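A structural walkthrough
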There are 2 protein chains.
Amino acid sequence: MPSSRVTQADVARHAGVSRTTVSFVLSGREDIRISVEARQRILGAAEELGYRPNLTAQSLRTRKTFTIGLVSDVVASGNYAGGLIQGALEAALERDHLLYVAETGDVPEVEQRLLRGMIDRQVDGMIHASMSTRGRRPAHHSPEHPTVLLNHLDQSGELACVVPDEEKAGAEALGMLLEAGHREGVHVVGGHHRTEAAPDGVHAGRERMRGIARAAAAAGVRLAGVAECDWSTPEGGYRAVRTLLGGTAAPKALVCCNDRLAFGAYQALAESGLRVPEDVSVISFDDSELASWLRPGLTSVAIPHRELGRAAVSLLLSDDLTPTIHRIPMPVHRRGSIAPPR
Amino acid sequence: MPSSRVTQADVARHAGVSRTTVSFVLSGREDIRISVEARQRILGAAEELGYRPNLTAQSLRTRKTFTIGLVSDVVASGNYAGGLIQGALEAALERDHLLYVAETGDVPEVEQRLLRGMIDRQVDGMIHASMSTRGRRPAHHSPEHPTVLLNHLDQSGELACVVPDEEKAGAEALGMLLEAGHREGVHVVGGHHRTEAAPDGVHAGRERMRGIARAAAAAGVRLAGVAECDWSTPEGGYRAVRTLLGGTAAPKALVCCNDRLAFGAYQALAESGLRVPEDVSVISFDDSELASWLRPGLTSVAIPHRELGRAAVSLLLSDDLTPTIHRIPMPVHRRGSIAPPR
DNA sequence: GTGAAAGCGCTAACAT
DNA sequence: ATGTTAGCGCTTTCAC
């Protein structure tokens, strides 16, 4: 079965020139001079025949595929996915690249197969996205495969990374509360996100806490408390706040480490008849859809998914892969959950 | 710069045989007999040298790339994304395929570019995912590019489609309520999801409503009402239920068309001091994370994202692309939001 | 059983 | 300024 597609040879025949000439014209090379007339004929023929280059053949020759691989552990499934992929795709498209997307599910064998598959297909570069800070370094990293780490840091110090600027975000979150006048009864819900799997907590947790602490110190404010709990569901926030409300001093403001925890906090506050923001101000992180759904709307520091994705691709394609940490700002989205203390 | 990768030629040299023989052995062809001894030498050499096939070269020759394209309009950004991609990826991986993922944002020019890019890279097939039921047919559909529609139907009747079995889900949702003993005061919140853009409503809406109506009729039950509203945020559910509560007859059970609406309903009920499920039972669709976060947990009919993704890929790779509609069952996830009427 | 040779569609050094 | 030719790494027909 012959390929029904039009090739350069067809165009050449049609235009009465050699394949080389067609190649030069079509690839738009300026270093070789082609007569205007021939160029016109070639372009005309290509257009008329509906010529499209066979990228596979081109890649075989040039070793460039105009594809990049985005492989994540489990990120791409969660809500994290959409924005990251979207941003990456946008940036890729702007530079005429296509995106392979894959997910390892944190299974080494799967990761192995996926990386192999991408390398065998000669991707121009790879982006490794991960939640866990303590990731092993990408199995197949080698100089010929430009690599960017997305959303986690490189412990080997050899790779460029793109991460949200968590610490600054932490500082800004507390700043919002300070700005509204809160100096007492400010509690953190969530903390470092310490779990059995990650006794030191999670990167985002540590950084956010650091930022919060720094901002508090700078303002001469003492946090009323930090409730460490699991961030994954509202349950942790719910329980933490219930405990808080059972205590002696009523909380005045909460920094919740993500929107889920904030949701749990809302639930607990509502049960106790406390109102947001009149009785308790709340600020949070993630700026997920949840934040806009809550009543009142939850002020939240956004994870800049799109920008992260974009930045990773831009960086990868920039060919400046010096092992630098690129911190993407996290914009805060103001809604109705913060008010001055009474 | 010579490619540093090991090629079949290297293996051949190392094993003292011709490139042809290597190709035969490595591609595992059974129709040509190769001496056991030569085979061993080749396999050994390949292993030793760390040979990996160059898929680009292979593709150029065979016209098969072992890649498939998943292009969606806007689906892939929403929460819809994760599961779909995951499922598709799983199925693809099982058959050694890689997945291009792209999103058109419903912009024709972008769609054009993406499809071109995929076709120029010789994808083995494409999956078109879409929210809108009234999608134009994929621009570049042609017999040489196997195509499957995901999550929407084909109005031309020429393409295979994979969709959730919305109607059955609608019937089952109402069935849950009937089973608990509800026969009166059963309201639907959300309806067909009619908007300016889609005056007839959305596919999912129409189908779910049909299923609900069918189940009601079969049980000889009359719905107390259907509140048409926008499904996209909890706001619609909140308002619809507030209106309901302002009426004469108190609602006893709600079928919410998605979890967001159900969330809004919960908010409205809570404000009126009504409790779920003691005063009002609620069932919903989507089974998003939200469903498990609500208090009490929301019984919800899941959208089988993973299975949809898997099915689309399996179908595409099965080469049985008869234009059939494949309906994937929607499992209901029971939680605490349903109780018998008082 | 094994190998020589052609060719997939394209690029690029080297002639002319 | 244009054409000739030799590959990129692989598969596959056809001789040996």
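Each chain carries its own residue numbering, running from 1 in the direction its sequence is written. The order in which chains are written sets their letters, starting at A; the order in which ligands are written sets their numbers, starting at 1. Owing to the predicted nature of the model, reporting of local features is limited to residues with pLDDT of at least 70; listing and counting of side-chain atom pairs is limited to 80 or more, with chain, interface and lining totals taken over all residues. Note that the side-chain values use all heavy atoms of the structure and ignore hydrogens as well as water.

Notes on the protein's contact with DNA strand C
- Around DNA strand C sit 27 residues in total, of which A:Gln8, A:Arg19, A:Arg61, B:Arg61 and B:Arg63 are the nearest.
- One nitrogen or oxygen atom from the side chain of B:Thr20 is found 2.9 Å from a base nitrogen belonging to DNA strand C.
- Put simply, the parts of the chain that give the surface near DNA strand C at least two residues each are α2 (19-26) and α4 (55-62) of chain A together with α2 (19-26) and α4 (55-62) of chain B.
- Among the elements that make up the surface near DNA strand C, the one with the highest residue count is α4(A) (five residues).
- Three classes are used, and their members are as follows: Ala, Val, Leu, Ile, Met, Phe, Trp, Tyr, Cys and Pro are nonpolar, Asp, Glu, Lys and Arg are charged, and the others, Gly among them, are polar. Taken together, the residues of the surface near DNA strand C sort by class into nine nonpolar, 12 polar and six charged. One heavy atom suffices: a residue is near a molecule or strand as soon as one of its heavy atoms comes within 4 Å of it. For this analysis, a polar contact is any N or O atom pair within 3.5 Å, provided that within protein one partner can donate a hydrogen and the other can accept it, and provided that sequence-adjacent residues contribute only side-chain to side-chain pairs. Each helix is a run of H or I in the DSSP string that is no shorter than four residues. Each strand is a run of E no shorter than two, and both are numbered from the N terminus.

A look at the packing of helix α7 (residues 166-179) of chain B against helix α8 (residues 203-219) of chain B
Residue and element names in this part refer to chain B.
- α8 packs onto α7 with a crossing angle of 45 degrees between their chain directions and a minimal axis gap of 6 Å. The pairing of α7 with α8 is recorded here as oblique in orientation. Pair α7 / α8 crosses with right-handed handedness. Of the residues in α8, those in contact with Glu166, Glu167, Lys168, Gly170, Ala171, Leu174 and Leu178 of α7 are Ala204, Glu207, Arg208, Arg210, Gly211, Ile212, Arg214, Ala215, Ala216 and Ala219.
- A breakdown of the residues in the contact of α7 with α8 according to their chemical character gives eight nonpolar, two polar and seven charged. Lines fitted to the C-alpha atoms define the axes, with helices restricted to the stretch that makes contact. Angles between their N-to-C directions range from 0 to 180 degrees. Each angle gets one of four labels, with under 35 degrees taken as roughly parallel, over 145 as roughly antiparallel, 65 to 115 as roughly perpendicular, and the rest as oblique. Left-handed describes a crossing whose near helix is turned anticlockwise from the far helix by less than a right angle; the clockwise case is right-handed. The contact definition used throughout considers only heavy atoms, calling two residues in contact when any of these lie within 4.5 Å.

Observations regarding the interface of chain A and chain B
- At the interface, 55 residues of chain A touch 55 residues of chain B.
- The salt bridge definition used is simple: a Lys or Arg side-chain nitrogen within 4 Å of an Asp or Glu carboxyl oxygen. Our count for the chain A to chain B interface comes out at eight salt bridges.
- Residue B:Glu235 is joined to A:Arg295 by a salt bridge in which the shortest nitrogen-to-oxygen separation is 2.8 Å.
- Taken together, chain A and chain B are joined by 31 residue pairs in polar contact (both at pLDDT 80 or more).

Overview of the relation of the copies chain A and chain B
- Least-squares fitting of chain A to chain B yields an RMSD of 0.1 Å, with the transformation described by 0.1 Å of translation along the axis and a rotation of 180 degrees. The superposition operator between the copies reduces to a two-fold rotation axis. In terms of proximity to the rotation axis, the leading residue of chain A is A:Tyr100, whose C-alpha is 2.2 Å off the axis.
- Here 100% of the contact residues of chain A are again contact residues in chain B; the copies associate through an equivalent surface. All copies are superposed by least squares; the fitting set is the C-alpha atoms of residues with a pLDDT of at least 70 in both.

Here we look at the sheet that holds strand β8 (residues 253-256) of chain B
Residues and elements named next belong to chain B.
- Across the sheet, which stays open at both edges, the six strands sit in the order β7-β6-β8-β9-β10-β12 with mixed pairing between neighbours. Each edge of the open sheet is held by one strand with a lone partner, namely β7 (225-228) and β12 (332-333).
- Packing against the sheet, α7 makes contact with β6 (186-190), β8, β9 (281-286), β10 (299-302) and β12, and its axis sits at approximately 160 degrees to β9. When DSSP finds at least two bridges between two strands, those strands are taken to pair.

Things to note about the pairing of strand β1 (residues 67-72) of chain B
Residues and elements named next belong to chain B.
- Exposure classes here rest on a 1.4 Å probe applied to the protein chains alone. A residue is buried below 20% of its type maximum, exposed above 50%, and partly exposed in between. With respect to burial, β1 is a largely interior element, six of its six residues being buried.
- Residues of β1 alternate between two faces, with Thr67, Gly69 and Val71 on one and Ile68, Leu70 and Ser72 on the opposite face, all of them buried.
- As paired elements, β1 and strand β2 (residues 98-103) share six bridges and run parallel to each other. In the sheet register, Gly69 faces β2, and the bridge partner there is Tyr100.

Focus on unusual backbone geometry
- Cis rather than trans, the peptide bond between A:Val276 and A:Pro277 has omega equal to 0 degrees.
- Mapping A:Pro277 onto the fold places it in the loop between α10 (259-271) and β9 (281-286).
- Even without being glycine, A:Asp319 reaches a positive phi, approximately 70 degrees.
- Counting through the fold element by element, A:Asp319 comes out in the loop between α12 (305-318) and β11 (325-328).
- Accessibility expressed as a relative area gives 64% for A:Asp319, which makes it exposed.
- A positive phi angle is found at B:Arg63, which is not glycine, with a value near 65 degrees.
- Note that B:Arg63 resides in the loop between α4 and β1.

What to know about the protein's contact with DNA strand D
- A:Thr20, A:Ser35, A:Arg61, A:Arg63 and B:Arg61 are the nearest of the 27 residues found near DNA strand D.
- Here a base nitrogen of DNA strand D sits 2.8 Å away from a polar atom, N or O, in the side chain of B:Arg19.
- In the model, a phosphate oxygen of DNA strand D is placed 3.1 Å from a nitrogen or oxygen of the B:Asn54 main chain.
- Broken down by class, the residue content of the surface near DNA strand D amounts to eight nonpolar, 12 polar and seven charged.

Considering the side chain of A:His193
Residue and element names in this part refer to chain A.
- The topology assignment puts His193 in the loop between β6 (186-190) and α8 (203-219).
- Overall, the relative accessible area of 15% leaves His193 in the buried class.
- Not counting the four nearest positions on each side in its chain, His193 is found in contact with Ala198, Gly201, Val202, Glu228, Cys229, Asp230, Trp231 and Ser232.

Structural notes on α4(B)
- Among the residues making up α4(B), those that are buried are B:Leu55, B:Thr56 and B:Ser59. Buried residues along α4(B) cover an arc of 100 degrees about the axis, so they all sit on one side.
- Of the surrounding secondary structure, the elements contacted by the buried residues of α4(B) are α4 and α6 (108-120) of chain A.
- The residue sitting at the N-terminus of α4(B) and contributing the capping side-chain oxygen is B:Asn54; that oxygen lies 2.8 Å from the backbone nitrogen of B:Thr56.
- At the exit of α4(B) stands B:Arg63, carrying a positive phi of roughly 65 degrees. Working definition: the arc comes from the directions between the helix axis and the C-beta atoms, pointing outward to the latter.

Focus on empty space enclosed by the protein
- Here the term cavity refers to a set of points on a 1 Å grid, laid over the protein atoms alone, in which a 1.4 Å probe fits but cannot get out; the term pocket refers to an open set having protein on both sides within 12 Å along at least five of seven lines, with lining residues being those that place an atom within 4 Å of a point. Grid points are joined across faces, edges and corners, and a volume is the space filled by probe spheres set on the points. Scanning the entire structure with this criterion turns up seven cavities of 30 Å³ or more.
- Here the largest cavity defines a volume of roughly 170 Å³.
- Around the largest cavity, the lining comprises 14 residues; the ones closest to its centre are A:Thr56, A:Tyr100, A:Arg121, B:Thr56 and B:Tyr100.
- Breaking the lining of the largest cavity down by element, the ones donating at least two residues are α4 of chain A together with α4 of chain B.

Side note on the domain arrangement of chain A
- Per the domain assignment, the segments of chain A are domain 1 (8-53), domain 2 (67-164 + 305-328) and domain 3 (166-303).
- For every domain, the bounds stem from an assignment made automatically or drawn from a database. The centre of domain 1 of chain A, based on its C-alpha atoms, is set 63 Å off from the matching centre of domain 3 of chain A.

Some points on α6(A)
Residue and element names in this part refer to chain A.
- Taking 1.5 Å of rise per residue, the 13 residues of α6 would be expected to cover 18 Å, and the 18 Å separating its terminal C-alpha atoms lies within 8% of that figure.
- Listed in full, the buried residues belonging to α6 are Glu111, Leu114, Leu115, Gly117, Met118, Ile119 and Asp120.
- Positive phi shows up at Gln122, right after α6, with a value of about 60 degrees. Here the expected span of a helix is defined as 1.5 Å times the quantity of residues minus one.

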